[in-house]
Protein chains: 4
Amino acid sequence: MPAEKRRAGRPPATLGKRDVILDAALRCFVERGFHGTSMPDIAERAGIAAGTIYHYFPSKEALVNTLFRTWKAEIAQRVFAAFPQHAPPREQFAIMWRTMADFALKHRDAFAFLELHHHTTYLDGESIAVDRNLKDFAHGIVRRAQADGLLKPVDPNLLMELVFGAFNGMMAAVYDARITLTPAAIAASDEACWDMVSV
Amino acid sequence: MPAEKRRAGRPPATLGKRDVILDAALRCFVERGFHGTSMPDIAERAGIAAGTIYHYFPSKEALVNTLFRTWKAEIAQRVFAAFPQHAPPREQFAIMWRTMADFALKHRDAFAFLELHHHTTYLDGESIAVDRNLKDFAHGIVRRAQADGLLKPVDPNLLMELVFGAFNGMMAAVYDARITLTPAAIAASDEACWDMVSV
Amino acid sequence: MPAEKRRAGRPPATLGKRDVILDAALRCFVERGFHGTSMPDIAERAGIAAGTIYHYFPSKEALVNTLFRTWKAEIAQRVFAAFPQHAPPREQFAIMWRTMADFALKHRDAFAFLELHHHTTYLDGESIAVDRNLKDFAHGIVRRAQADGLLKPVDPNLLMELVFGAFNGMMAAVYDARITLTPAAIAASDEACWDMVSV
Amino acid sequence: MPAEKRRAGRPPATLGKRDVILDAALRCFVERGFHGTSMPDIAERAGIAAGTIYHYFPSKEALVNTLFRTWKAEIAQRVFAAFPQHAPPREQFAIMWRTMADFALKHRDAFAFLELHHHTTYLDGESIAVDRNLKDFAHGIVRRAQADGLLKPVDPNLLMELVFGAFNGMMAAVYDARITLTPAAIAASDEACWDMVSV
DNA sequence: AATGAATGAGGCTTCATTCAT
DNA sequence: GATGAATGAAGCCTCATTCAT
């Protein structure tokens, strides 16, 4: 859940019920996917009755979409907030990489849900629009760095997809315990990905 | 479907019914996922009755697992077959990259199914074992190239996950029409990923 | 709602909440029937919370039964009050016909609810008893008029059912806008129905 | 069920399953209304599993609409078939009255379902169109008889609604056992209703 | 008195699977 | 082998009703 929704220092038991539902749903969706998760599954994990979910969300689809949008906005905001507008591109890249890694380690379920699942069947138009935010932002940065001759002169979209793909692949391996994301590993992956895109 | 599954003597124009089912299932699973696909969905796409599927596969789970193993084996075999055992690492990498891209372009559904979906809920032990094949193979290559001082001296798994992640991200973008995989783009992505892992 | 149900001392401009509920329920039941109407439906139409209904009625069934009895009593009382005990039968009939038409035009929902719906599933014994009132009254009149040789000498129940059926059919058509009930039409239908039962 | 759907002399046990469902649904709807009847209710009465209904009807609504249209068409056809095109109006009326009474006695549930319930919430456009048939037919007859000076010179719709209303009221009383429809009663009601509309 | 969150049973419908033909 | 009718469990969602505030 985005931090501002919880009061700092509160035990999770006193989360608003809406957030409890979102949390439970997130964990279920990550484990079994949208279609593999039933509303009773979510209710059980949230410790409430199945009918209660419908006081907060009109449907299962509305629930996933809320989840998707909330967390997409959250991660985008973190990257935007941390981004050093006037630093050199190499540093910008490093900050972005670390910010994303921080997020993906702190909110494993959220990141796995957002990036490691196919959502096409049930996401609505607005959710898809929200998804563009981060990529449009990255796209602009790539173009400018290319203009400065720092990045490889190829389709900026290709560079972006390679970088985000590498990041996602790395995180998937972390979640499956095939690798461990030590600070050294973060530094190494940052370095490797910069080498991938820079000239 | 890999050709060797057809019974000899059958006219090749008519795929065996078993393969028709596997094809139909593959397309359904890619579009809507395992849990989002019903047996009647598959039957309809295959142009047969729902009950007929059970003459070839004992259950829906057996069907996905067969699909997964068949295609995993297929892609692994292609990479193994194309791999130039005695060429220099840079060329080995390039060949592997192109072989995978060829496959992923030719068998979009199969690749999307294998790499872009979460299978954890329904894959059985044997399928998971098959999945290791390609990665173990790559792991060995990475270790040897590192010993030669050609690759970055970091966790070989990390390098592998970054490379495969980048590849998957690229292909996902291709399937979503965010980029086009021209020969030039293949060459550029090959180059970029080699830069990512090499010293 | 019949006026006598309001508590004295309440400003007449604001219907008592009990009556607001009865009104809202009446309209819902007419539109969608008892089983097709939910308590939240009623609450929404009444502009109150769903729980509030239970301060005035112990259950949905109690609510319909109250509605039924209240309005059945109301219409019966109007007919009784208007009935000219010592006028000739033809005039008695005309008065009754007009009184019923007045009521059915003024309280469309109430009349439609009472006569145009099947209540058998949820009406309790007392409500069914109330229903007999008007029919018993009419039955007595028919018998006396038959004894005077004014009405056809057939089963008095048959005559009654024909007359009330014709009236209900006419009103159903009015509510569906298939006919308009002008004073002339009321006179014509009165005349026709008298011709139906008289010798 | 319309007669032509059953083979003569066959025990009802061999009715097609589709007809078994329609029969069961008819009885349920008559007793408890559309919204008061659940699909499991219908299935139980039909002696089948709930899911089986969906092999024959795509939804509960489709089921009622089929029921409505089938029976409306059936009764209309009977009246049309029996109607003596060239007989004098008085005889035409008598035939129609008897034909309807025959039908309503033989197919109590069907008649009660068609005429004694409010269907507005769930009937689709086509069903409503089918409903017009009989009434349009009657309307034409009324107009012609009025032109001949045989019927009261008032709104033909009013006359029709009175007659059909009287008929429905009579049948409702029959079904509730408040009256018995002997041949004498049929004759008497025919006579009474003719007196209602004729000059 | 009034609210509306909460419940859990039940309604409509879908689905994996079986089996008689 | 092939079919598709049949099943009944399970899924999404609604609803009458209760109860803490």
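Please read these numbers as outputs of a predicted model, since none were measured by experiment.

## So, the environment of Ala138 of chain B
All names here are of chain B.
Piece 1. Checked against the element boundaries, Ala138 lands in helix H7 (residues 125–147).
Piece 2. Each C-alpha atom of the pair Ala138 and Pro156 lies 9.4 Å from the other, and the pair is 18 residues apart in sequence.
Piece 3. Residues contacting Ala138, with those up to four places away along its chain left out, are Met160 and Phe164.

## Quick notes on the pattern of salt bridges
Should the charged atoms of two oppositely charged side chains come close, the side chains can pair.
Piece 1. Summed over all chains, the structure comprises 52 salt bridges over all chains.
Piece 2. Among the ionic pairs, Glu74 of chain A bridges to Arg78 of chain A, the shortest N-O distance being 3.0 Å. Highlighted residues: Glu74 of chain A and Arg78 of chain A, both in helix H3 (residues 60–82), separated by four residues, approximately one helical turn.
Piece 3. The partly exposed category is assigned to Arg78 of chain A, whose relative accessible area is 23%.
Piece 4. Residues Glu31 of chain B and Arg45 of chain B are paired through a salt bridge, measuring 2.7 Å at the closest nitrogen-oxygen approach. Linking Glu31 of chain B in helix H1 (residues 17–32) with Arg45 of chain B in helix H2 (residues 39–46), this pair joins segments that are 14 residues apart in sequence.
Piece 5. Of the residues examined, Glu31 of chain B reaches a relative accessible area of 40% and is grouped as partly exposed.
Piece 6. Three or more residues are tied together by salt bridges with common partners; here these are Arg90, Arg98, Asp190 and Glu191 of chain A.

## Focus: the protein's contact with DNA strand F
Piece 1. Neighbouring DNA strand F are 30 residues; Lys60 of chain A, Tyr56 of chain B, Met39 of chain C together with Thr52 and Tyr56 of chain D lie closest to it.
Piece 2. The contact atoms of DNA strand F, taken as those within 4 Å of the protein, divide so that sugar and phosphate hold 69%.
Piece 3. A distance of 2.3 Å separates a phosphate oxygen of DNA strand F from a polar atom in the side chain of Tyr56 of chain B.
Piece 4. Considering each element in turn, the surface near DNA strand F owes the most residues, four residues, to helix H3 (residues 50–56) of chain B.
Piece 5. Partitioned by chemical class, the residues of the surface near DNA strand F number 12 nonpolar, 14 polar and four charged.

## Details of the relation of the copies chain C and chain D
Piece 1. After a rotation of 180° and a shift along the axis of 0.0 Å, chain C superposes on chain D with an RMSD of 0.1 Å. Such a combination of rotation and displacement between the chain copies is what one expects of a two-fold axis.
Piece 2. By residue overlap, the copies meet face to face through one surface: 97% of the interface positions of chain C are interface positions in chain D.

## Observations regarding the relation of the copies chain A and chain B
Think of it as a corkscrew move, a rotation about one axis and a shift along it, taking one chain copy to the other.
Piece 1. Once turned by 180° and shifted 0.1 Å along the axis, chain A lies on chain B with an RMSD of 0.1 Å.
Piece 2. Of all interface residues in chain A, 97% are interface residues in chain B too; the two copies therefore contact each other through one and the same surface.

## Here's the deal with the packing of helix H1 (residues 17–32) of chain A against helix H2 (residues 39–46) of chain A
Residue and element names in this part refer to chain A.
Piece 1. Close contact between H1 and H2 brings their axes to 8 Å; oriented N to C, the two are set at 125°. Put simply, H1 runs oblique to H2. For the pair H1 and H2, the crossing hand works out as right-handed. Between H1 and H2, the residues in contact are Val20, Ile21, Ala24, Ala25, Arg27, Cys28, Phe29, Glu31 and Arg32 and Asp41, Ile42, Arg45 and Ala46, respectively.
Piece 2. For the contact of H1 with H2, a count of residues per class yields eight nonpolar, no polar and five charged.

## With respect to the protein's contact with DNA strand E
Piece 1. Of all residues adjacent to DNA strand E, which total 30 residues, the nearest are Thr52 and Tyr56 of chain A, Met39 of chain B, Tyr56 of chain C together with Met39 of chain D.
Piece 2. The share of sugar and phosphate among atoms of DNA strand E within 4 Å of the protein is 70%.
Piece 3. One of the side-chain N or O atoms of Tyr54 of chain D is found 2.6 Å from a phosphate oxygen in DNA strand E.
Piece 4. Broken down by secondary-structure element, the contributors of at least two residues to the surface near DNA strand E are H2 and H3 of chain B, helix H3 (50–56) of chain C together with helix H2 (39–46) of chain D.
Piece 5. It is H3 of chain C that provides the largest number of residues to the surface near DNA strand E, a total of four residues.
Piece 6. The residue inventory of the surface near DNA strand E, partitioned by class, reads 12 nonpolar, 14 polar and four charged.

## A few points about the interface of chain A and chain B
Piece 1. In this complex, chain A contributes 31 residues to the contact, which on the side of chain B involves 31 residues.
Piece 2. Together chain A and chain B conceal approximately 2,500 Å² of surface at their shared face, both sides included; 68% is due to carbon and sulfur atoms.
Piece 3. A per-residue breakdown of the area chain A buries against chain B is headed by His118, Leu158 and Glu161 of chain A, which together make up 20% of the total.
Piece 4. The interface formed by chain A and chain B includes four salt bridges.
Piece 5. Here Arg178 of chain B ties to Glu161 of chain A by a salt bridge, and the two come within 2.8 Å at their closest N and O atoms.
Piece 6. On inspection of chain A and its partner chain B, the count reaches five residue pairs in polar contact (both at pLDDT 80 or more).
Piece 7. Mapped by element, the contributors of at least two residues to the side of chain A that touches chain B are H1, helix H7 (156–175) and helix H8 (183–197) of chain A.

## A word on the packing of aromatic side chains
Piece 1. A full pass over the atoms with the stated rule returns 40 aromatic pairs over all chains.
Piece 2. Measuring from ring centre to ring centre gives 5.6 Å for Phe29 of chain B and Phe34 of chain B, while their planes differ by 50°; the resulting arrangement is tilted.
Piece 3. The exposure class of Phe29 of chain B is buried, given its relative accessible area of 1%.
Piece 4. By relative accessible area, which is 8% here, Phe34 of chain B ends up buried.
Piece 5. Relative to Trp97 of chain C, the ring of Phe93 of chain C lies with its centre 5.8 Å away and its plane at 20°, an arrangement referred to as stacked. A residue pair is termed a helical-turn pair when its members lie 3 or 4 positions apart in one helix, as Phe93 of chain C and Trp97 of chain C do in helix H5 (residues 89–106) at four residues. Here Phe93 of chain C matches Trp97 of chain C in class, with each residue buried.
Piece 6. Aromatic rings pair up to connect Phe93, Trp97, Phe111, Phe167 and Trp194 of chain A into one cluster.
Piece 7. The ring of Phe34 of chain D carries Lys60 of chain D above its face, with NZ or CZ at 4.4 Å from the centroid.

Parameters at a glance
- Residues numbered from 1 in each chain as written.
- Chains lettered and ligands numbered in written order.
- Predicted model: local features only at pLDDT ≥ 70, side-chain atom pairs only at ≥ 80, totals over all residues.
- Heavy atoms only, no water.
- Helix = DSSP H or I, 4+ residues; strand = E, 2+ residues; numbered from the N terminus.
- Contact = heavy atoms within 4.5 Å.
- Salt bridge = Lys/Arg side-chain N within 4 Å of Asp/Glu carboxyl O.
- Buried < 20%, exposed > 50% of the residue type's maximum accessible area, 1.4 Å probe, protein only.
- Near = heavy atom within 4 Å.
- Polar contact = N/O pair within 3.5 Å; in protein donor to acceptor, adjacent residues only side chain to side chain.
- Nonpolar A, V, L, I, M, F, W, Y, C, P; charged D, E, K, R; others polar.
- Least-squares fit on C-alpha atoms with pLDDT ≥ 70 in both.
- Axes fitted to C-alpha atoms, helices over the stretch in contact; angles between N-to-C directions.
- Parallel < 35°, antiparallel > 145°, perpendicular 65-115°, else oblique.
- Left-handed = near helix turned anticlockwise from the far one by under 90°.
- Buried area = accessible area lost by both parts, 1.4 Å probe.
- Phe/Tyr/Trp six-rings, centres within 6.5 Å; stacked < 30°, edge-to-face > 60°.
- Lys NZ or Arg CZ within 6 Å of the ring centre and 35° of its normal.

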